[in-house]
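Chain by chain, the residues run as shown.
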Amino acid sequence: MDKRSLTQMASRFRDAETRAEILRQELAVAIRQADADGVPQKDICEATGYTRQQVRRIVLAGESEPPAES
């Protein structure tokens, strides 16, 4: 492994971290929307693999956020 290869790998890793963070935020928005639409928490958990507690935390966190500007 040379320095150039290591630099490229580190860059790819940072890009993947950024993409994962964006997707995490998008999933949180989708979970909040599903909750607002009346999707049972059990179904949200099955679809996401999250526990009920994780889903509750995501939904409650969205309630404390200011509304997004259009």
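Quick summary incoming for the structure in this document. (Residues numbered from 1 in each chain as written. Predicted model: local features only at pLDDT ≥ 70, side-chain atom pairs only at ≥ 80, totals over all residues. Heavy atoms only, no water.)

## Some words on helix H1 (residues 3–36)
Put simply, the rule is: Numbering of helices and strands starts at the N terminus; helices are DSSP runs of H or I of at least 4 residues and strands are runs of E of at least 2. One less than the residue count of a helix, multiplied by 1.5 Å, gives the span that helix is expected to have. Residue contacts are counted whenever heavy atoms from the two residues lie within 4.5 Å of one another.
Its 34 residues give H1 an end-to-end C-alpha distance of 50 Å, which sits within 8% of 50 Å, the value for a rise of 1.5 Å per residue. Against the buried residues of H1 lie helix H2 (41–48) and helix H3 (52–63). Phi for Gly-38, located one or two positions after H1, is positive at around 85°.

## Overview of the pattern of salt bridges
What counts is decided by this rule: Salt bridges are defined by distance alone: a side-chain nitrogen of Lys or Arg within 4 Å of a carboxyl oxygen of Asp or Glu. In this scheme, a residue with accessible area under 20% of its type's maximum is buried, one over 50% is exposed, and one in between is partly exposed, where area comes from a 1.4 Å probe on protein chains only.
Tallied over the entire structure, the rule returns 2 salt bridges. Note that Glu-21 is salt-bridged to Arg-24, the shortest N-O span being 2.6 Å. Highlighted residues: Glu-21 and Arg-24, both in helix H1, separated by 3 residues, approximately one helical turn. Of the residues examined, Glu-21 reaches a relative accessible area of 31% and is grouped as partly exposed. Overall, Arg-24 belongs to the partly exposed group, its relative accessible area being 46%. Between Lys-42 and Glu-46 there is a salt bridge, with the nearest N and O atoms lying 3.0 Å from each other. Residue Lys-42 and its partner Glu-46 are located together in helix H2, separated by 4 residues, close to a single helical turn. Looking at Lys-42, the relative accessible area reads 46%, which means it is partly exposed. A residue is classified by how much of its surface remains accessible, and Glu-46, at 57% relative accessible area, is exposed.

## Thoughts on H3
Working note: α-helix, 3.6 residues per turn, so residues spaced by three or four point in the same direction. End to end, H3 covers 17 Å across 12 residues, agreeing with the expected 16 Å (1.5 Å per residue, within 8%). Looking at the packing, one finds that the buried side of H3 touches H1 and H2.

## Describing the packing of H1 against H3
As a reminder, the rule being used: For helices, the fitted line uses only the C-alpha atoms of the stretch in contact; every axis is such a line through C-alpha atoms, and the angle between N-to-C directions lies from 0 to 180 degrees. Should an angle lie under 35 degrees it is considered roughly parallel, over 145 roughly antiparallel, and from 65 to 115 roughly perpendicular; all remaining angles are considered oblique. Amino acid classes used here: Ala, Val, Leu, Ile, Met, Phe, Trp, Tyr, Cys and Pro are nonpolar; Asp, Glu, Lys and Arg are charged; the rest, including Gly, are polar.
H3 packs onto H1 with a crossing angle of 90° between their chain directions and a minimal axis gap of 9 Å. The orientation of H1 relative to H3 falls into the category roughly perpendicular. Touching Ala-28, Ile-31, Arg-32 and Asp-35 of H1 are Val-55, Ile-58, Val-59, Ala-61 and Gly-62, all from H3. Across the contact of H1 with H3, the residue classes break down as 6 nonpolar, 1 polar and 2 charged.

Read these as geometric descriptors, not functional statements.
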